[in-house]
Amino acid sequence: NHEDIPNMLGRVLSGTKYGVRQTRGKFGLGSKMALIWSKQTTGLPISIRSAQPNQSFVSEYELDIDIEKNEPNIHKEAK
């Protein structure tokens, strides 16, 4: 879903008192780690393009992650 992309990539779950842990999901951990690495090394957001088969549009985002708050920062969004 178009609206889910920022949270799938811009939020990393970690151990909590409830034992929730990040596991490989739709995008895996690699894309989240690339987003964090980009933020830490360049400070620049990354561009994401995603589409599903038989979908009439391409989802486009430019985002980075607020490492302190563990939330995505959306700079651009297009559908």
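Looking at the overall build of the protein chain
Each helix and strand counted, the protein chain has 2 helices and 3 strands in total. When its helices and strands are written in sequence order, the protein chain yields α-α-β-β-β. Taken across its 79 residues, the protein chain has 27% of its residues classed as buried. Long-range pairs, those at least 24 residues apart, make up 40% of the contacts in the protein chain with a sequence separation of at least 6. Looking at the protein chain as shown, the accessible area adds up to about 5600 Å², and 50% of this sits on carbon and sulfur atoms.

Overview of the confidence of the model for the protein chain
The predicted model of the protein chain has a mean per-residue pLDDT of 78, with 78% of residues at 70 or higher. pLDDT under 50 marks residues 15-22. Its contacts with residues more than four places away, or in other chains, come to 11 contacts.

Details of the environment of Arg11
As for its position among the elements, Arg11 is in the loop between α1 (5-10) and α2 (28-41). Taking relative accessible area as the criterion, Arg11 reaches 30% and is therefore assigned partly exposed.

Side note on the pattern of salt bridges
As enumerated under the stated definition, the model contains 2 salt bridges in all. In this structure, Lys79 engages Glu3 in a salt bridge whose closest nitrogen and oxygen atoms are separated by 3.8 Å. Of this pair, Lys79 sits in the segment after β3 (71-78) while Glu3 sits in the segment before α1, and the two are 76 residues apart along the sequence. On the basis of relative accessibility, which here comes to 47%, the residue Glu3 falls in the partly exposed class. In this structure, the salt-bridge partner of Glu60 is Arg49, at a minimum N-O distance of 3.1 Å.

Description of the pairing of β3
Bridge count between strand β2 (residues 59-66) and β3: 7 bridges; the pairing is antiparallel. Across the sheet, residue Glu60 finds its bridge partner in β3, namely Ala78. Where β2 hands over to β3, the hairpin turn is made up of 4 residues, of which Asn70 adopts a positive phi near 55°.

Parameters at a glance
- Starting from 1, residues in each chain are numbered consecutively following that chain's sequence as written.
- Whole-chain, interface and lining totals are the exception, using all residues; otherwise, since this is a predicted model, local features are given only for residues with pLDDT of at least 70 and side-chain atom pairs are given and counted only at 80 or more.
- With hydrogens and water excluded, all non-hydrogen atoms of the structure serve as input to the side-chain values.
- Per the convention used, a helix needs a DSSP run of H or I reaching at least four residues, while a strand needs a run of E reaching at least two, with both numbered from the N terminus.
- A simple rule labels every residue: compare its accessible area, found with a 1.4 Å probe on the protein chains alone, to the largest value its type can have, and call it buried under 20%, exposed over 50%, or partly exposed in between.
- The contact criterion used is simple: two residues touch if any of their non-hydrogen atoms lie within 4.5 Å.
- All accessible areas in this document rest on Shrake-Rupley with a 1.4 Å probe, and a residue is counted as covered only by the protein chains that are shown.
- For every residue, the predictor reports its confidence as pLDDT, a number between 0 and 100.
- Salt-bridge detection follows one rule: a side-chain nitrogen of Lys or Arg within 4 Å of a carboxyl oxygen of Asp or Glu.
- Here, a strand pair is defined by DSSP locating no fewer than two bridges between the strands.

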